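What follows is each chain in one-letter form.
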Amino acid sequence: MAKFKKIGILTSGGDAPGMNAAIRAVTRHALSQGIEVVGVIGGYAGLLGAATETDKDVIAEKYLRPLKSGSVSKTITLGGTMLYSSRCPEFKTKEGMDLALKTCHEQNIDAIVAIGGDGTFRGATDLTNHGIPSIGIPATIDNDITATDHTIGFDTALNTCLSMFDYLRDTSESHARCIVTEVMGNGCGYLALYAGIAAGAVTIAIPEIPYDYEYGLNKIRDARAKGKRGMIAVCCEKMAKEGEENVAEHLTKLISSETGVDSRFNRLGHIVRGGIPTLRDRLVASQMGVGAVSLLLEGKSNLVMCLRDNRVTHTDINFALVLDRMYKNKLKDGDLEPFTAAQVEEMKLRCTRRAENIRELYEISKSICY
Ligand code: ADP
């Protein structure tokens, strides 16, 4: 029995392939349950904008697009987000929240499904605390949300990285070079590590493991001594500390100067944020979208959808946010206070498992990549 008449969906923060599949799943499942759906344009900014407009046609065109089944037709194959995304710092202020609430009340939006990363979830929990039940769906190519094994967009980005690395290997082979390629990750090495292993990178640098330059340079020297012509090295972005040189560029120079192997720097950048979503991202997005609506209908909120041990499930948003800060060594005073000892233990266990998983993969990369 539908508890809600109308829900809003938004995509916020960095975009990721598969967001459209999630929008589609939320829309179609909600409609099938007799719930109206509006797509909030441009993330939280759309909620704020609608509060300042009185013309209902303008609102529907610019801020709150009514979504019917046909509105999401054929979007499952598209990268990007049909609802667009933006950063909206104003939403974090009291004035911004007042505007968002005004929109929800005036437009009869009973609940929100927010698709994005941890910033997006902080917005969702704020809305819940102000009386608008909200559920988060994790979508970011970085796979940097500790509560879930998989974020929507990660698999597509991995496959795009892999194709690009394969292309770089072709040219590195022709010219007997080592191409050092930097990939996104926002401080999380999964993208670099998975795709680097799969592409046969000679060395991989990720933020989770201190990079041993001498070890990496020796690998390259050894590989060349064994007759290897073309090589790629993979680096995660944002690894350098304040004031230090970018790690990928520094490594490129060292390879040329210290190993005698001609080296080039390459940055994939935003290219891996686009593209046709893979089967896995579409499937997980579909499962999470349906799951989010079902949970709202059960009267639940302030949750984030997760994939754990290959099952779609959910966890409390505050648990997910604090778990994330624990994993990233960014816990704030009092963060753990709302949680029971058993929950804190659970968080520690999840952090340990994730760190172990990365370490094990890194060891694999070291033993086979040359
Ligand atoms: P992501 O969701 O990819 O982590 P951001 O961190 O940029 O991206 O967050 C996306 C948006 O979520 C922000 O522009 C803002 O509107 C909202 N948001 C982020 N942090 C908070 C917060 N602490 N409280 C409320 N809303 C937030």
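Participant: Give me the sheet that holds strand β11 (residues 311-316): which residues, what numbers.
Facilitator: Read across the sheet, 7 strands follow the order β3-β2-β1-β4-β5-β10-β11 without closing on themselves; strand pairing throughout is mixed. Edge positions in the sheet fall to β3 (64-66) and β11, since each of these pairs with one other strand and no more. With strand direction ignored, the average angle separating the axes of adjacent strands in the sheet is 30 degrees. Note that strand β1 (residues 6-11) and strand β2 (residues 36-40) share 4 bridges and pair parallel. Bridge pairing in β2 places K6 opposite E36. Against the sheet, helix α5 (residues 118-129) engages β4 (111-116), β5 (134-138) and β10 (303-308), with an angle of about 170 degrees to β4.

Participant: Can you break down the domain arrangement of the protein residue by residue, with the values?
Facilitator: Here the domain parsing of the protein yields domain 1 (6-153 + 277-330) and domain 2 (156-273 + 356-368). In this complex, domain 1 contributes 13 residues to the contact, which on the side of domain 2 involves 13 residues. Interface area for domain 1 against domain 2, summed over the two sides, is near 1000 Å², with a carbon-plus-sulfur share of 50%. Inspection of the region where domain 1 meets domain 2 yields 1 salt bridge. D15 is paired through a salt bridge with R273; the nearest N and O atoms lie 2.7 Å apart. Counting across the domain 1 and domain 2 interface gives 7 residue pairs in polar contact (both at pLDDT 80 or more). Classifying every residue of the side of domain 1 that touches domain 2 by side-chain character gives 5 nonpolar, 4 polar and 4 charged.

Quick notes on the rules
Residues numbered from 1 in each chain as written. Predicted model: local features only at pLDDT ≥ 70, side-chain atom pairs only at ≥ 80, totals over all residues. Heavy atoms only, no water. Pairing = 2+ DSSP bridges. Helix = DSSP H or I, 4+ residues; strand = E, 2+ residues; numbered from the N terminus. Axes fitted to C-alpha atoms, helices over the stretch in contact; angles between N-to-C directions. Contact = heavy atoms within 4.5 Å. Domains from an automatic or database assignment. Buried area = accessible area lost by both parts, 1.4 Å probe. Salt bridge = Lys/Arg side-chain N within 4 Å of Asp/Glu carboxyl O. Polar contact = N/O pair within 3.5 Å; in protein donor to acceptor, adjacent residues only side chain to side chain. Nonpolar A, V, L, I, M, F, W, Y, C, P; charged D, E, K, R; others polar.

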